[in-house]
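What follows is each chain in one-letter form.
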Amino acid sequence: MNYSLFISCAKGLEYLLEAELRLLGLQVNRVSPQGVFGEASHAVLYQLCLWSRLANRVQLVLFSGYAHEEKSLYQLCHQFPWQTVFGADKTLAIEFHGTSDNFRNTMFGGQVIKDAIVDHFRKLNGQRPSVDRDNPDIRIHAHLKNDTITVSLDLTGYSLHQRGYRTQTGEAPLKETLAAALLICANWPVLAKQGYSLHDPF
């Protein structure tokens, strides 16, 4: 079984990311300025999360549909079987991207989706997940474009440049994903295999 994915990256790195993801096994469908759309098996999905040096986030696309205004967005999100993704005991956060004539505020769009999810669980078993904007168990991304909403599950929960080892930073730290892109553009992986040394003047 293959899963539909969207892998985001910093603007300008999308084609570098595409090449990297192809090597890791992603079947690329489309490249956009925000990242790469594609399909992957369960095993490749884990490989992408573990080994991508350029990706910001790996998102599992759950569903998409027409969402012209509040009611259609609510109904679309309310009818999705959220219990197949996570339980009511989890905390969640919604990240809403995009605007339209009826969704001029991303916080409003996120609130509608949150209400739909909470009401779905409450109707199902009388329980509801709580909201935790800072450190949620489940992070949901919603992208609105041309009255179509695409809702995805964040598979990593945080940006992949946060590798967990850095406890202190300088005044202007460079994101690890951007640093990796600079090294790839400089052909460093090939040079490193040839025994070259790297000097960082900064």
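Residues numbered from 1 in each chain as written. Predicted model: local features only at pLDDT ≥ 70, side-chain atom pairs only at ≥ 80, totals over all residues. Heavy atoms only, no water.

As for helix H1 (residues 14–24)
For step 1, the next point in the chain: Those residues of H1 not exposed but buried are Glu-14, Leu-17, Glu-18, Glu-20 and Leu-21.
For step 2, the next point in the chain: Looking at the buried residues of H1, the elements they touch are strand E1 (2–8), strand E2 (27–32), strand E3 (35–41) and helix H2 (42–51).
For step 3, the next point in the chain: Where H1 ends, the next residue or the one after it, Gly-25, has phi of about 110°, a positive value. (Buried < 20%, exposed > 50% of the residue type's maximum accessible area, 1.4 Å probe, protein only. Helix = DSSP H or I, 4+ residues; strand = E, 2+ residues; numbered from the N terminus. Contact = heavy atoms within 4.5 Å.)

Here's the deal with the sheet that holds strand E6 (residues 130–131)
For step 1, the next point in the chain: If you walk across this open sheet you meet the eight strands as E2-E3-E1-E4-E8-E7-E5-E6, and the pairing is mixed. Sheet topology places E2 and E6 at the edges, where each strand pairs with a single neighbour.
For step 2, the next point in the chain: One ladder, built from seven bridges, connects E1 with E3; its direction is antiparallel. Within the sheet, the bridge partner assigned to Ser-4 lies in E3 and is Glu-39.
For step 3, the next point in the chain: The sheet strands contacting H2 are E1, E3 and strand E4 (57–66), and the helix crosses E3 at an angle near 140°.
For step 4, the next point in the chain: Running over the sheet, helix H4 (residues 106–125) touches strand E5 (91–97), E6 and strand E7 (138–145) and is turned about 140° from E5. (Pairing = 2+ DSSP bridges. Axes fitted to C-alpha atoms, helices over the stretch in contact; angles between N-to-C directions.)

Some thoughts on a nonpolar patch on the surface
For step 1, the next point in the chain: On the surface, Leu-174, Leu-178 and Leu-182 cluster together into a nonpolar patch covering about 260 Å² of accessible area.
For step 2, the next point in the chain: On the secondary structure map, Leu-178 appears in helix H5 (residues 176–185). (Patch = residues over 30% accessible without salt bridge, like charges linked within 9 Å, V, L, I, M, F, W, Y side chains within 5 Å. Areas by Shrake-Rupley, 256 points an atom, 1.4 Å probe, with all protein chains shown as cover. Salt bridge = Lys/Arg side-chain N within 4 Å of Asp/Glu carboxyl O.)

Considering the environment of Arg-30
For step 1, the next point in the chain: On the secondary structure map, Arg-30 appears in strand E2.
For step 2, the next point in the chain: Placed 63 residues apart in sequence, Arg-30 and Ala-93 show a C-alpha to C-alpha distance of 27 Å.
For step 3, the next point in the chain: Discounting chain neighbours no more than four positions away, the residues touching Arg-30 are Gly-35, Val-36 and Phe-37.

Here's the deal with the packing of helix H3 (residues 70–78) against H4
For step 1, the next point in the chain: Interaxial distance between H3 and H4 falls to 8 Å at its minimum, and their mutual angle equals 40°. In terms of orientation, H3 and H4 fall into the oblique class. The handedness of the crossing between H3 and H4 is right-handed. Across from Glu-70, Leu-73, Tyr-74, Cys-77 and His-78 in H3, the residues of H4 making contact are Phe-108, Gly-109, Val-112, Ile-113, Asp-115, Ala-116, Asp-119, His-120 and Lys-123.
For step 2, the next point in the chain: Broken down by class, the residue content of the contact of H3 with H4 amounts to seven nonpolar, three polar and four charged. (Parallel < 35°, antiparallel > 145°, perpendicular 65-115°, else oblique. Left-handed = near helix turned anticlockwise from the far one by under 90°. Nonpolar A, V, L, I, M, F, W, Y, C, P; charged D, E, K, R; others polar.)

Notes on the packing of H1 against H2
For step 1, the next point in the chain: At a closest axis distance of 9 Å, the pairing of H1 and H2 adopts a crossing angle of 130°. Relative to H2, H1 is oriented oblique. As for how H1 packs across H2, the hand of that crossing is right-handed. Contacts between H1 and H2 pair Glu-20, Leu-21 and Leu-24 from the former with Val-44, Gln-47, Leu-48 and Trp-51 from the latter.
For step 2, the next point in the chain: Residues that form the contact of H1 with H2 fall into these classes: five nonpolar, one polar and one charged.

Things to note about the packing of aromatic side chains
For step 1, the next point in the chain: On inspection of all chains with the given rule, the structure shows eight aromatic pairs.
For step 2, the next point in the chain: Plain terms: the ring middles of Phe-96 and Phe-103 are 6.1 Å apart, the flat faces sit at 40° to each other, and that makes the pair tilted.
For step 3, the next point in the chain: Using a relative accessible area of 8% as the deciding quantity, one classes Phe-96 as buried.
For step 4, the next point in the chain: Taken together, the aromatic side chains of Phe-63, Phe-80, Trp-82, Phe-86 and Phe-121 make up a single cluster linked through ring pairs.
For step 5, the next point in the chain: The ring of Phe-37 carries Arg-30 above its face, with NZ or CZ at 4.1 Å from the centroid. (Phe/Tyr/Trp six-rings, centres within 6.5 Å; stacked < 30°, edge-to-face > 60°. Lys NZ or Arg CZ within 6 Å of the ring centre and 35° of its normal.)

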